[in-house]
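# Structure assessment
Residues per chain, in single letters:
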Amino acid sequence: MADTRSRWQPRWRQVLLWGMGLALVLALPSLVSPFRLNLLGRYLSLAIVALGIDLIWGYTGLLSLGQGIFFALGGYGAAMHLQLNCHSCSRAAGGLPEFFGLYGVQQLPWFWEPFHSPWFTLVAIWLVPAVVAGLLGFLVFRNRIKGVYFSILTQAALLVFFNFFNGQQKLINGTNGLKTDLTRLLGLMVGSDTMQRYLFWLTALLALFTWLLCRRLVRGRFGHALLAIRDDEARLRCLGYNPTPFKTMVFALAGGLAGISGALYTVQSGIVSPQFMAAPFSIEMVIWVAVGGRGTLWGAMAGALAINMAKSLVSEAWPQTWLFIQGGLFLLVVTTLQGGVVGWFQEGGPRRLLARLGWRARLSTYPALELETGQEGED
């Protein structure tokens, strides 16, 4: 009987935690202002791209500095659909989105046409970034490019895409981007409070589904292969495995997740522009994962949420200080907390810290903690 109770106790704790999380998500729209709810929805969408980066960097050892490419592709897909199906927006000649009239364009470009369909758009926002990432990854990985060279190459690809999108005024409004806040989705204005509530719930649901998908992948054989690539790719080749398909698939998956994240972020922020492909933004994505804890899925999500919320609060009070704080956080992680904050907690960092600060007497009241911190307290 005692064994049965001990077996079910952790499961009940998980059920309780999940129930509290669900209740919080459902209640948040009533607890915070529409402005804060919109920010939380955006940050949850950014947690999805952070999960993709954690897959390719934390589990596979591939540091990509170009995830902004796939993030922006998903955002442009969502924005193009909203622009084409906006009945209340100003229109140029021929019923085109207004910005086309500014440049004398009188016929809709061919690649805009399929985005009239909501079903095509729902597929394109993740499939197009995934295909682009898969093609780029295959060309890179088949030539065994890795390490710092891979990072430099992804950054170079990011600059190519940024400059291309920035100069396409007649096709996608160039540097001005595409606005979505005045468009309608399912009969509701995208920028309205009601739509923001629904978008927040949708983003929370997709973030949870993405986490469950990534968790399943990393706990199976595919995840073991990714870890083998990260730890010793040469040994994996000697065992008869070709790492190229695994790296291509995980890079394509991360690209698809970035596309979904970009689409959700665009709809909630009200605009998509080439600035999503700017180098600092892609570097920030890496910082979220590093601070939260790479190789820990919860860490990637927590890092994206915590850092962006801190950025918003600090920037409101002291606009000029956030970059210094962000740089300090990254230096702290690189030099001291290489597993990130979540990794530090998982490795028993708080217990070791308390032991070294002379709190061994207090910890002795908890036998399990005493066993784990015994050696550290004697150092």
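The structure displayed is predicted, hence computed values, not measured ones. (Residues numbered from 1 in each chain as written. Predicted model: local features only at pLDDT ≥ 70, side-chain atom pairs only at ≥ 80, totals over all residues. Heavy atoms only, no water.)

A few words on the overall build of the protein. In terms of regular secondary structure, the protein is built from 17 helices and 4 strands. Buried residues in the protein amount to 44% of all 379 residues. Considering only intrachain contacts with a sequence separation of at least 6, the fraction spanning at least 24 residues in the protein is 74%. (Helix = DSSP H or I, 4+ residues; strand = E, 2+ residues; numbered from the N terminus. Buried < 20%, exposed > 50% of the residue type's maximum accessible area, 1.4 Å probe, protein only. Contact = heavy atoms within 4.5 Å.)

Here the UniProt-annotated "transmembrane region" (unreviewed entry) positions come out as residues 15-32, 44-73, 119-141, 148-165, 198-214, 245-265, 285-310 and 322-345. Regarding residues 44-73, the helix share stands at 73% and the strand share at 0%, and the terminal C-alpha atoms are separated by 18 Å. With 83% helix and 0% strand, the stretch residues 322-345 has end C-alpha atoms that lie 25 Å from each other. (UniProt positions renumbered as here; feature names shortened; annotations may be inferred.)

Enumeration according to the criterion identifies 19 aromatic pairs in this entry. A centroid spacing of 6.2 Å and a plane angle of 35 degrees characterise the contact between Phe 276 and Phe 281, whose relative ring orientation is tilted. Here Phe 276 and Phe 281 have matching classes, each one buried. Ring pairs connect the aromatic residues Phe 71, Tyr 265, Phe 276, Phe 281 and Trp 288, which therefore count as one cluster. (Phe/Tyr/Trp six-rings, centres within 6.5 Å; stacked < 30°, edge-to-face > 60°.)

On to unusual backbone geometry, then. Residues other than glycine seldom take positive phi values, yet Arg 144 does so here, at roughly 60 degrees. Its place among the elements puts Arg 144 in the loop between helix H5 (118-141) and helix H6 (148-166). For Arg 144, a relative accessible area of 56% puts it in the exposed group. We note that Asn 173 has phi near 70 degrees; this positive angle belongs to a residue other than glycine. With respect to the helices and strands, the residue Asn 173 is situated in the loop between helix H7 (169-172) and strand E1 (178-179). Residue classification places Asn 173 among the buried residues on the basis of a relative accessible area of 10%.

What follows is about the pattern of salt bridges. Per the stated rule, a full pass over the model turns up 6 salt bridges. The salt bridge partner of Arg 237 is Glu 233, with a shortest N-O separation of 3.3 Å. Of this pair, Arg 237 and Glu 233 both sit in helix H9 (residues 221-238), 4 residues apart, roughly one helical turn. For Arg 237, a relative accessible area of 22% translates into the label partly exposed. In this structure, Lys 311 engages Glu 284 in a salt bridge whose closest nitrogen and oxygen atoms are separated by 3.5 Å. (Salt bridge = Lys/Arg side-chain N within 4 Å of Asp/Glu carboxyl O.)

This part is about the layout of surface pockets. Any space left empty among the atoms is revealed by the rolling of a water-sized probe across them. Reported here for the largest pocket is a volume of approximately 1,200 Å³. Looking at the lining of the largest pocket, the elements with two or more residues in it are helix H1 (2-31), helix H2 (34-59), helix H8 (193-218) and helix H12 (297-317). Here the lining of the largest pocket takes 10 residues from H1, the largest share from any one element. Considered class by class, the residues forming the lining of the largest pocket number 25 nonpolar, 5 polar and 2 charged. Reported here for the second largest pocket is a volume of approximately 700 Å³. If you go around the second largest pocket, you meet 23 residues; those closest to its centre are His 81, Leu 122, Leu 185, Leu 186 and Leu 202. When contributions to the lining of the second largest pocket are tallied by element, the ones reaching two or more residues are helix H3 (68-84), H5, strand E2 (184-185), H8 and helix H10 (243-269). (1 Å grid on protein atoms, 1.4 Å probe; cavity = no way out; pocket = protein on both sides within 12 Å on 5 of 7 lines; lining within 4 Å. Points joined across faces, edges and corners; volume = space filled by probe spheres on them. Nonpolar A, V, L, I, M, F, W, Y, C, P; charged D, E, K, R; others polar.)

Position of Pro 114 relative to the elements: it lies in the loop between helix H4 (98-102) and H5. Residue Pro 114 is classed as partly exposed on the basis of its relative accessible area, which comes to 32%. Along the primary structure Pro 114 and Met 80 are separated by 34 residues, whereas in three dimensions their C-alpha atoms are 9.8 Å apart.

As a further point, take a nonpolar patch on the surface. On the surface, Val 123, Trp 126, Leu 127, Val 131 and Leu 135 cluster together to form a nonpolar patch covering roughly 430 Å² of accessible area. For Leu 135, the location among the structural elements is in helix H5. (Patch = residues over 30% accessible without salt bridge, like charges linked within 9 Å, V, L, I, M, F, W, Y side chains within 5 Å. Areas by Shrake-Rupley, 256 points an atom, 1.4 Å probe, with all protein chains shown as cover.)

Okay, the nonpolar core next. Counting 78 residues, the largest nonpolar core has Phe 71, Trp 112, Leu 178 and Trp 288 as the members making the most contacts within it. Sort the elements by how many residues they give to this core and H2 lands first, with 13 residues. Not counting residues within four places of it along the chain, the set of residues in contact with Trp 288 comprises Leu 46, Val 49, Phe 281, Gly 299, Gly 303, Ala 304, Ile 307 and Asn 308. Counting residues in each nonpolar core, the second largest holds 8 residues, with Leu 82, Ile 125, Val 190 and Ala 263 among its members. (Core = buried A, V, L, I, M, F, W, Y, C linked by side-chain atoms within 4.5 Å.)

Looking now at helix H13 (residues 322-335). Helix length check: H13, at 14 residues, gives a terminal C-alpha distance of 20 Å against a target of 20 Å (1.5 Å per residue), a fit within 8%. Among the residues making up H13, those that are buried are Trp 322, Gln 326 and Val 333. Down the axis of H13, the buried side of the element spans an arc of 35 degrees, and every buried residue falls inside it. Exposed and facing more than 90 degrees away from the buried side of H13 are Phe 324, Leu 331 and Thr 335. Looking at the buried residues of H13, the elements they touch are helix H11 (279-292), H12 and helix H14 (340-346). (Expected span 1.5 Å × (residues − 1). Arc of directions from axis to C-beta.)

This part is about the packing of H2 against H8. When two helices pack together, their arrangement is given by the angle between their axes and by how far apart the axes lie. Running from N to C, H2 and H8 cross one another at 20 degrees; their axes reach a closest spacing of 9 Å. If you check the angle between H2 and H8, you find them roughly parallel. Read as a crossing pair, H2 and H8 show a hand that is left-handed. Contacts between H2 and H8 involve Pro 34, Leu 37, Asn 38, Leu 40, Gly 41, Leu 44, Ser 45, Ile 48, Leu 51, Leu 55 and Tyr 59 from the first element and Asp 193, Gln 196, Arg 197, Phe 200, Thr 203, Ala 204, Leu 206, Ala 207, Thr 210, Trp 211, Cys 214 and Val 218 from the second. Residues belonging to the contact of H2 with H8 are distributed by class as follows: 15 nonpolar, 6 polar and 2 charged. (Axes fitted to C-alpha atoms, helices over the stretch in contact; angles between N-to-C directions. Parallel < 35°, antiparallel > 145°, perpendicular 65-115°, else oblique. Left-handed = near helix turned anticlockwise from the far one by under 90°.)

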